[in-house]
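Here are the chains, one letter per residue:
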Amino acid sequence: MENSLQDIVSKYVNTTNCNIFLTGKAGTGKTTLLRSLHENTHKSVCIAAPTGIAAINAGGVTIHSLFQLPFGSFIPDPNLELDENATTVAHINTPKSLFKGMKMGATKRAILEGMELLIIDEVSMLRADMLDAMDLILRSARKRKDLPFGGVQMLFIGDMLQLPPVIKQDEWQYLYKYYPNGYFFNAKVFQETSMVHVELNKVYRQADPTFVNILNHLRENKVTSNDVKVLNTHYNPDFKQSTDDGYIQLTTHNKIANEKNQSWLKEIKGKEYEYQAKVIGEFSESQYPNEEILRLKVDAQVMFIKNDYSGEGRYFNGKIGKVTRLTNEDIYVEFDDGTPEFSVEKYSWENKKYVLNKITKEVEEVLIGEFHQFPLKLAWAITVHKSQGLTFEKAIIDVGRAFAAGQTYVALSRLTSLDGLVLASPISERGIAIDRNLSAFTQSCQPIEELTPQLKLEARNFIHQTLMNAFDLSYLTDNLLEHLTSYDMLENLSTKQRHKKWAKQLLDEIQKIKKVGQSFMHQSHKIIIDEHDGYIKHLLERVEKAIAYFNPLLKEKHKLVMDHHDSLNGQSGVIAYRNELKVLSSHIYNQGQRMLRSEKLILSYIDGNDLLKQDINKPDYVIKNEKRKDVPLKAKVRVSDKGDKTRKIATHIQTYVLFRNGNSIEEIARERGMYEGAVETHIAKCIGLGKIEVSEIIKSKVKRNKIEKAVENAEDKSLKNLKEVLGSKYTYGEIKYVIAGIEANN
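None of these values were measured; they are calculated from a predicted model.

Cut-offs applied
Residues numbered from 1 in each chain as written. Predicted model: local features only at pLDDT ≥ 70, side-chain atom pairs only at ≥ 80, totals over all residues. Heavy atoms only, no water. Helix = DSSP H or I, 4+ residues; strand = E, 2+ residues; numbered from the N terminus. Buried < 20%, exposed > 50% of the residue type's maximum accessible area, 1.4 Å probe, protein only. Contact = heavy atoms within 4.5 Å. Areas by Shrake-Rupley, 256 points an atom, 1.4 Å probe, with all protein chains shown as cover. Pairing = 2+ DSSP bridges. Axes fitted to C-alpha atoms, helices over the stretch in contact; angles between N-to-C directions. Polar contact = N/O pair within 3.5 Å; in protein donor to acceptor, adjacent residues only side chain to side chain. Phe/Tyr/Trp six-rings, centres within 6.5 Å; stacked < 30°, edge-to-face > 60°. Lys NZ or Arg CZ within 6 Å of the ring centre and 35° of its normal. Parallel < 35°, antiparallel > 145°, perpendicular 65-115°, else oblique. Left-handed = near helix turned anticlockwise from the far one by under 90°. Lys, Arg positive; Asp, Glu negative; His and termini not counted. Salt bridge = Lys/Arg side-chain N within 4 Å of Asp/Glu carboxyl O. Core = buried A, V, L, I, M, F, W, Y, C linked by side-chain atoms within 4.5 Å. Domains from an automatic or database assignment.

Trainee: So what about the overall build of the chain? Which residues, and what values?
Mentor: Tallying secondary structure elements over the chain gives 25 helices and 22 strands in all. Buried residues in the chain amount to 51% of all 746 residues. Taking contacts inside the chain between residues at least 6 apart in sequence as the whole, the part at least 24 apart equals 74%. Within the structure as shown, the chain displays about 36700 Å² of accessible surface, and the carbon and sulfur contribution to it stands at 49%.

Trainee: Hey, could you go over the sheet that holds strand β18 (residues 363-373) for me, with residue numbers and the actual values?
Mentor: In spatial order, the strands read β11-β18-β17; together these three strands make up an open sheet with antiparallel pairing. Each of the sheet's edge strands pairs with one partner strand only, and the pair in question is β11 (278-281) and β17 (347-356). Across this sheet, the average inter-strand angle for adjacent strands is 25 degrees, counted without regard to direction. Here β17 runs beside β18; their pairing, made up of ten bridges, is antiparallel. For Ser-348, the partnering residue across the bridge sits in β18 and is His-372.

Trainee: Could you give an account of the side chain of His-197, with specific residues and numbers?
Mentor: For His-197, the position within the fold is in strand β8 (residues 196-200). For His-197, a relative accessible area of 5% corresponds to the buried category. A polar atom in the side chain of His-197 sits 3.0 Å from the side chain of Ser-444. Ignoring sequence-local partners within four residues, the contact set of His-197 consists of Phe-21, Thr-23, Phe-441, Thr-442, Ser-444, Cys-445 and Gln-446.

Trainee: Describe the packing of aromatic side chains, with residues and values.
Mentor: Tallied over the entire structure, the rule returns 29 aromatic pairs. Ring-pair connections join several aromatic residues into one group, and the members of that group are Phe-21, Phe-149, Phe-156, Tyr-183, Phe-184, Phe-185, Phe-190 and Phe-441. The ring of Phe-342 carries Arg-314 above its face, with NZ or CZ at 4.6 Å from the centroid. Positioned above the aromatic ring of Tyr-732 is the side chain of Lys-723, whose terminal nitrogen or guanidinium carbon lies 5.8 Å from the ring centre.

Trainee: Describe the sheet that holds strand β13 (residues 301-304), with residues and values.
Mentor: The five strands lie next to each other as β16-β15-β14-β13-β19, forming an open sheet whose pairing is antiparallel. Across the chains shown, the open sheet's two edge strands, defined by having one partner strand only, are β16 (342-343) and β19 (376-378). Here β13 pairs with strand β14 (residues 320-326) via three bridges, running antiparallel. Bridge pairing in β14 links Gln-301 to Lys-322.

Trainee: Describe the packing of helix α20 (residues 665-672) against helix α21 (residues 676-688), naming the residues involved and giving the relevant values.
Mentor: Angle between the axes and distance between the axes: these two values describe a pair of packed helices. Two numbers describe how α20 lies on α21: the axes approach to 9 Å, and their chain directions differ by 110 degrees. Here α20 lies roughly perpendicular to α21, going by the angle between them. Our pair here, α20 against α21, has a crossing hand that is right-handed. Where α20 abuts α21, its residues Ile-665, Glu-666, Ile-668, Ala-669 and Arg-672 lie against Glu-676, Val-679, Glu-680, His-682 and Ile-683.

Trainee: Account for the environment of Leu-98, with residues named and values stated.
Mentor: Residue position: Leu-98 is located in helix α5 (residues 95-100). You can call Leu-98 buried: its relative accessible area is 2%. In this structure, the C-alpha to C-alpha distance between Leu-98 and Pro-70, residues 28 residues apart in sequence, is 7.5 Å. With sequence-adjacent residues up to four places away left out, Leu-98 is seen in contact with Leu-69, Pro-70, Phe-74, Ala-133, Leu-136 and Ile-137.

Trainee: Can you break down the side chain of Arg-142 residue by residue, with the values?
Mentor: Take Arg-142: it is sitting in the loop between α7 (128-141) and β7 (153-157). Buried within the structure, Arg-142 lacks any salt-bridge partner; Glu-116 is the closest side chain of opposite charge, at an N-O distance of 7.3 Å. For Arg-142, the side chain forms a polar contact with the main-chain oxygen of Leu-112, separated by 2.8 Å. A polar side-chain atom of Arg-142 sits 2.7 Å from the main-chain carbonyl oxygen of Met-115. Excluding residues within four positions of it along the chain, Arg-142 makes contact with Leu-112, Glu-113, Gly-114, Met-115, Phe-149, Gly-150, Gly-151 and Val-152.

Trainee: If you had to explain the pattern of salt bridges to someone new, which residues and values would you point to?
Mentor: The full count for this structure, using the stated rule, is 22 salt bridges. The salt bridge involving Asp-146 is made with Arg-144; its shortest N-O contact spans 3.4 Å. Between Lys-703 and Glu-734 there is a salt bridge; the shortest N-O distance is 3.0 Å. Linking Lys-703 in helix α23 (residues 701-713) with Glu-734 in helix α25 (residues 732-745), this pair joins segments that are 31 residues apart in sequence. We classify Glu-734 as buried; its relative accessible area is 15%. By sharing partners, the salt bridges in this structure join Arg-127, Asp-129 and Glu-171 into a single network.

Trainee: Let's hear about the environment of Ala-48: which residues, and what values?
Mentor: Within the element layout of this structure, Ala-48 appears in strand β2 (residues 45-49). Sequence separation between Ala-48 and Gly-59 is eleven residues; the distance between their C-alpha atoms is 8.3 Å. Ignoring anything within four residues of it in the chain, the contact list for Ala-48 reads Val-61, Thr-62, Ile-63, Leu-66, Leu-118, Ile-119, Ile-120 and Asp-121.

Trainee: Can you explain the nonpolar core? Please cite residues and give values.
Mentor: With 111 residues, the main nonpolar core has Leu-118, Leu-131, Phe-156 and Phe-184 as its most contacted residues. Here the element with the most residues in this core is α7; it accounts for eight residues. Here this core spans two domains, and each of domain 1 (5-202) and domain 2 (209-431) adds at least three residues to it. In this structure Phe-156 touches Ile-20, Phe-21, Leu-22, Ile-120, Val-123, Leu-131, Phe-149, Phe-184, Phe-190 and Met-195, once residues within four positions along its chain are discounted. Residues Ile-510, Val-574, Leu-581 and Ile-616 belong to the second largest nonpolar core, which totals 47 residues.

Trainee: Mind laying out the pairing of β14, listing which residues take part and the relevant values?
Mentor: In terms of residue burial, β14 counts as a mostly covered element, since five of its seven residues are buried. Examined bridge by bridge, β14 and strand β15 (residues 331-334) share four bridges and lie antiparallel to one another. In the strand pairing of β15, Val-323 is matched with Val-333. In sequence, β14 turns back onto β15 through a hairpin of four residues.

Shown next as structure tokens:
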């Protein structure tokens, strides 16, 4: 059923315009699904999160940067007038003041206009008033004030019982009149729209059924006396943590965690090594995913904060080990599970921003910064806040008065089983209650029996909406008309003015095409509304014929504009005019793209399949797409490169370059004087980093699926065991590649 739920979420994203709330307990695969959706959706998508670190981990940007939100609270009352002379600690924004102080440029506005899907990760931290401010900005930027979120589909992802939204007391004295609490689902915008509520159920982190049941009861405010009794069997006030026992203590404050870690580090005799992060391009300190200066000693207890992307599965996010050797450049770690000592490699975190492709009008990601550091932290203590998303095998938890409501669940859900739990203080039934309003919302998820028929209805509605959008040429003619009105100078003063007749003729020709489009829209609307037997196949036939009619005409007009653009090459005073013509050509291209997508959408509905990015055809118009120049990334001055006169290129990157130059594994091994197994490990690492697709190496989809299934079903996921299971037809290298691909998604 779990695969079905994930498939349904994907179909809701790709074949409807429904807003979706995707939730699930810790370890159910929400992040994996997010990455899959981001990679495969055919929609123009942006990812945002409430905090900088959450945004980096999700591969997106902060909500404040995407929407240019001012700091402070938002009061959703258009008639509210604040006394400018009043003194208050809180900064209050109203609909009027929000736009008054906003400086949103054309580029940022174009990104919001071009966006079709917005994914909000870690939504438990998103405040209701901030979501209402986002709604207001989207309606304004997209010129769709009648539609919630301006018509953008919203996908909210997160476990509401994890980190809550933060509202200061001086802010709440204003907000309480408008919201029962700060959670995002209380936003006023939900009085006009709704969400599909999907909960992933299969827990990948915990396998112990007793522990899973206790966590479920905690989530649902249904804790039994027996649950408390079972938990309190792990109460051990006399437990003494040591430097090498593998336990990590979950605390409530950063200060406590830092003091404990530094204190334990001082206990260890020996030389202390410092490892300076390398920061390239734009990467604010508030977004740093790890310490800028990592201080370690041999025998220090450390925790990995990323999964192993090499394909060897040596560690995961939250796995605790011990430092065995240190040099000025290298860190060696081992675990108590018998895993051999290995050298830890640095990890690169990426900071991105969104830009709009001026040709295709699609929202694209641009890399603007990188943070390179070892994916390790001292691990004798950590805050509950920072433990989100991590998995521990052993933990000491002090569920004292300092724990906020619901944080008992957060802390306990980090563990893989009860075996590794030590309670520093006993749990009482009173101290673990969760907010009733929140509990009611988390239990309002829809069963698969309800989601499936609703999906069919919403998919049909989306087809209707998509067809009306695809064959309505109003937006195109409006832009052409606006372009025509810009020819407002005398011919002898402007080269552009000499071509006004050309622009008028182009508008007239497309106006004629628009009339045919309106006729087709009327026919399509009638076919969908009447819903006669076989109507959807009849609709597909009509759309195919319409595309056969419209596509050559749009292609001809697109060529007309681009030929005119090229004819101006070398003339003076036409740079701005040529850019305007590029924009016009992109509008024509987009119109053709929407038509092709509508056909694929109907086909997916008939076949009952999802509609993915690779399924969408693109218009065969000739596009002179100038390559976008990536932001040059420069290392910040403070990064020390002592003695590094000739910068070494990482060994896996050297392999990657040879691979991209068309060399086989055997040829790379010969070129570099290495064993083929080492080259395979490098390739696996590049797959884990997203630089190489598994399908580039293992061409057979059947073979890839066979290995994936074997990995999924095997209890012992070692390479040796998997090779024995799969047999002689599969190589160790192929198994490594598939595992790396799975790890990349996870």
